[in-house]
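These are the residues of each chain, in order.
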Amino acid sequence: MLPKGHYFPGQEMSEEIVLFIRRHWVSFLARIIILLLLGIAPILIIISWSQFVGEIYTTSSRNYLITGLSTWYLIILAAFINSWISFYLNVLIITNQRL
């Protein structure tokens, strides 16, 4: 636990925090757009596949389709959580003595 008046590990007694700086949210927006496109891609592939091939929702293929889509969306969710945590926790601390 940090002593009272200290806000980060390694802070000296005479050091005062001037700014906490985080990246702008627009830098996070590009990752969100990519993840949204990756989320829409399987739906477009299934629709186009069903138009060319015909019936793709047989009993055995439906199970594989549900398993594959669930895995795909779980990976996208994990990538989103990873990106959000990286964006939110990366903070630059500027003090009166150092960056």
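Treat the numbers as computed from the prediction; the structure is a model and nothing was measured. (Residues numbered from 1 in each chain as written. Predicted model: local features only at pLDDT ≥ 70, side-chain atom pairs only at ≥ 80, totals over all residues. Heavy atoms only, no water.)

1. Digging into the overall build of the protein chain
Inference 1: Tallying secondary structure elements over the protein chain gives two helices and two strands in all.
Inference 2: Its helices and strands in sequence order give the protein chain the pattern β-α-α-β, from N to C terminus.
Inference 3: Sequence-distant contacts, at least 24 apart, represent 77% of the contacts inside the protein chain between residues at least 6 apart.
Inference 4: Working note: accessible area of the protein chain is about 8,100 Å², and carbon and sulfur atoms make up 71% of it. (Helix = DSSP H or I, 4+ residues; strand = E, 2+ residues; numbered from the N terminus. Contact = heavy atoms within 4.5 Å. Areas by Shrake-Rupley, 256 points an atom, 1.4 Å probe, with all protein chains shown as cover.)

2. Quick notes on the packing of aromatic side chains
Inference 1: Counted according to the given criterion, the structure contains five aromatic pairs.
Inference 2: Geometrically, the ring pair formed by Trp84 and Phe87 is tilted, given 5.8 Å between the ring centres and 45 degrees between the ring planes. Taken as a pair, Trp84 and Phe87 lie in helix H2 (residues 59–89) at a separation of three residues, close to a single helical turn.
Inference 3: Taking the relative accessible area as the measure of exposure, Trp84 reaches 38% and is therefore partly exposed. (Phe/Tyr/Trp six-rings, centres within 6.5 Å; stacked < 30°, edge-to-face > 60°. Buried < 20%, exposed > 50% of the residue type's maximum accessible area, 1.4 Å probe, protein only.)

3. Brief notes about the pattern of salt bridges
Inference 1: Counted according to the given criterion, the structure contains one salt bridge.
Inference 2: For the salt bridge of Glu15 with Arg98, the shortest nitrogen-to-oxygen distance reads 2.6 Å. Of the two residues, Glu15 sits in the segment before strand S1 (17–22) while Arg98 sits in the segment after strand S2 (91–95), which places them 83 residues apart along the sequence.
Inference 3: A relative accessible area of 4% places Glu15 in the buried class. (Salt bridge = Lys/Arg side-chain N within 4 Å of Asp/Glu carboxyl O.)

4. Some details on helix H1 (residues 26–53)
For an α-helix the count is 3.6 residues per turn, leaving residues at separations of three or four pointing the same way.
Inference 1: Compared with an ideal rise of 1.5 Å per residue, which puts 28 residues at 40 Å, H1 spans 41 Å between its outermost C-alpha atoms and is within 8% of the ideal.
Inference 2: Along H1, the largest kink reaches about 25 degrees and is centred on Ile40; proline Pro42 follows within four residues of it. (Expected span 1.5 Å × (residues − 1). Bend = angle between axes of the 7 residues up to and from the residue.)

5. Structural notes on the confidence of the model for the protein chain
Inference 1: On average, the protein chain scores 85 in pLDDT, and the residues at 70 or more come to 88%.
Inference 2: The least confident element of the protein chain is S1, whose mean pLDDT is 85; the most confident is H2, at 91. (pLDDT = per-residue confidence, 0-100.)

6. Notes on the side chain of Glu15
Inference 1: Reaching out from Glu15, the side chain makes a polar contact with the side chain of Thr95 at a distance of 2.9 Å.
Inference 2: Reaching out from Glu15, the side chain makes a polar contact with the side chain of Arg98 at a distance of 2.6 Å.
Inference 3: Every residue in contact with Glu15, bar those within four places of it in the chain, is listed here: Phe8, Gly10, Thr95, Asn96, Gln97 and Arg98. (Polar contact = N/O pair within 3.5 Å; in protein donor to acceptor, adjacent residues only side chain to side chain.)

7. Brief notes about the environment of Leu65
Inference 1: Among the secondary structure elements, Leu65 is positioned in helix H2.
Inference 2: In the structure, Leu65 is positioned 19 residues away from Ile46 in sequence and 9.3 Å away in space, judged by C-alpha atoms.

8. Observations concerning a nonpolar patch on the surface
Inference 1: Together, Leu74, Leu77, Phe80, Ile81, Trp84, Ile85, Tyr88 and Leu89 make up an exposed nonpolar region whose accessible area comes to about 780 Å².
Inference 2: Examined against the element boundaries, Leu74 turns out to sit in helix H2.
Inference 3: Given the relative accessible area of 56%, Leu74 is considered exposed. (Patch = residues over 30% accessible without salt bridge, like charges linked within 9 Å, V, L, I, M, F, W, Y side chains within 5 Å.)

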